[in-house]
Each structure stands twice: as structure tokens, then as C-alpha cells.
Amino acid sequence: MEKQQVQRSHLKINKDLFFAFFRVGLLGFGGGPAAIPLFHREAVVNYNWMTEDEFGDTLALGNTMPGPIATKMAGYIGYRVNGIMGCLVALAASVIPTVILMIVLLGILQKYKDLVWVNSMSAAVVPVVGVMLAVMTWDFFQKSGKALGLGRAILFTAIAIILLELMGIHPAIVIVGILIVSFTSFKKGVGPK
């Protein structure tokens, strides 16, 4: 009896993982960065699989590794929630909608690519994705201000903008550099008051 309850519990967890990441895969139009707010909504808000800080740490670490952020996030969150099986379920659920939609939609777009409404539809999605990313960025900036202090958060943001946009340095190098500076200054007791 107890074994059946454990199996049902794992099935429910895997079902939740599948539907959560299937929604992300289905609605994450625009690639990995556009899907990050959707991952946040599912993992932190809807299912409470991780805290805000844990999500931020996962996102930062995922950005330092090669490969698509969407699959890294899905795989890690799935593994964290239900081990290897959770990882596989989350990965499959996040990839299946993309594969199906790519085949169907690219076929349709290719067929009707010269129509004005198709070009307008594609252009209309860009501002929505921009707003979603801006909201997530503001949220992370506010959390940084609370954790590091407003002055440090502004300084790190300015440094990141200069290194990423003006100097063209890869985001992984910037993240690792800021983490090293942050850890060494906290070790010396210079952390936020």
C-alpha cells in the first residue's frame, strides 16, 4: 500500500513537471531568454519548487554554461524536484512543443512568408518579449539591491553593461568575474550592512 502511494506521488510530480514545462515550451516564443519569466512563474510561483533566490542562482549558473538556457533550466529543475526521472520528464516536456511547433509553423510561415500580416505578426511579438524580460530584469535588480545594497547593485549593473555592451565580453566571463569579486569582498567582511 505504501509503495503504491509513493508511486502515485512520483507520478503526480512527473505529471506536474510535464505540464509545467510543456506550457513553458509551448508559450516561450522567442527562445530561451523569453522563456525565463515562464520558468520563473512555474518553478517559483505556481509550484514552489524553489525560492526566488534559488531561481536566480540557477539562472546565473545556467547562463555560465554552454547550450540553450531553456533545456538547462528544465533539466536542473526537473532533477531537483524528482531526480533523474524528473530531469528527463522536464526536458522532454520543454522540447516536444518546440519540435512540433517548429515543424508546423515554419512550414506555414515558409508558405505564406510574403504576406504582410505574417510579417506584422512576427514583429508584434517582439515588444511583448521585451516587456517580459524588462520585468524580470527589474525584479532581479531589486533583489540585488536588497542583498548587496543599492550602491553595489548599481555599480555591478553599470560594470556589467560596460563589459557586455561596450566591450563585447561574453556574459559567462562577466558573471564569473562579478561572483569572484562578490565572494572575495564578502569573505573580507565587506558585505552589505
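A short tour of the structure in this document, coming up. Since the model is a prediction, treat every value here as computed from it, not as a measurement.

Quick notes on the rules
Residues numbered from 1 in each chain as written. Predicted model: local features only at pLDDT ≥ 70, side-chain atom pairs only at ≥ 80, totals over all residues. Heavy atoms only, no water. Helix = DSSP H or I, 4+ residues; strand = E, 2+ residues; numbered from the N terminus. Salt bridge = Lys/Arg side-chain N within 4 Å of Asp/Glu carboxyl O. Buried < 20%, exposed > 50% of the residue type's maximum accessible area, 1.4 Å probe, protein only. Core = buried A, V, L, I, M, F, W, Y, C linked by side-chain atoms within 4.5 Å. Contact = heavy atoms within 4.5 Å. Phe/Tyr/Trp six-rings, centres within 6.5 Å; stacked < 30°, edge-to-face > 60°. Expected span 1.5 Å × (residues − 1). Arc of directions from axis to C-beta.

1. What about unusual backbone geometry?
Negative phi characterises most residues that are not glycine, and trans characterises most peptide bonds.
Consideration 1: One non-glycine residue, asparagine 48, lies in the positive phi region at around 55°.
Consideration 2: The topology assignment puts asparagine 48 in the loop between helix H2 (32–46) and helix H3 (52–64).

2. A look at the pattern of salt bridges
Consideration 1: Applying the stated criterion across every chain, the model contains 5 salt bridges.
Consideration 2: Between glutamate 42 and arginine 23 there is a salt bridge; the shortest N-O distance is 2.9 Å. Highlighted residues: glutamate 42 in helix H2 and arginine 23 in helix H1 (residues 2–27), separated in sequence by 19 residues.
Consideration 3: When the shortest N-O distance is used, the salt bridge between lysine 143 and aspartate 139 registers 2.6 Å. In this pair, lysine 143 and aspartate 139 both sit in helix H5 (residues 116–148), 4 residues apart, roughly one turn of the helix.
Consideration 4: According to the relative accessible area criterion, aspartate 139 is partly exposed, its value standing at 22%.
Consideration 5: Several salt bridges share partner residues, and in doing so they unite Glu52, Asp139 and Lys143 into one network.

3. With respect to the nonpolar core
Consideration 1: Residues Phe21, Phe39, Trp49, Phe55, Met73 and Ile77 are the most contacted members of the largest nonpolar core, which totals 22 residues.
Consideration 2: Looking at this core, the elements with two or more residues in it are H1, H2, H3 and helix H4 (69–111).
Consideration 3: The greatest single-element share of this core, amounting to 7 residues, is contributed by H4.
Consideration 4: Setting aside residues up to four positions removed in sequence, phenylalanine 55 forms contacts with Ile36, Phe39, His40, Val44, Met50, Met73, Met136 and Phe140.

4. Concerning the environment of alanine 123
Consideration 1: Residue position: alanine 123 is located in helix H5.
Consideration 2: Among the residues examined, alanine 123 registers a relative accessible area of 48% and is labelled partly exposed.
Consideration 3: The spacing of alanine 123 and isoleucine 103 is 20 residues in sequence and 20 Å in space, taken between C-alpha atoms.

5. A look at the packing of aromatic side chains
Consideration 1: Inspection of the entire model under this criterion finds 6 aromatic pairs.
Consideration 2: The interplanar angle of 5° and the centroid separation of 4.5 Å between the aromatic rings of tyrosine 47 and tryptophan 49 together place this pair among those described as stacked.
Consideration 3: Cluster of aromatic residues (ring-pair linked, three or more members): Phe21, Phe39, Tyr47 and Trp49.

6. Focus: H3
Consideration 1: With 13 residues, H3 extends 19 Å between its outermost C-alpha atoms, agreeing within 8% with the 18 Å of an ideal straight helix rising 1.5 Å per residue.
Consideration 2: Taken as a whole, H3 has its buried residues at Phe55, Gly56, Thr58, Leu59 and Gly62. Mapping the buried residues of H3 onto a view down its axis gives an arc of 160°, with all of them on the same face. The exposed residues of H3 that point more than 90 degrees off its buried face are Asp53, Asp57 and Leu61.
Consideration 3: Where H3 is buried, its residues meet H2, H4 and H5.

By themselves, these observations are geometric and do not establish any function.
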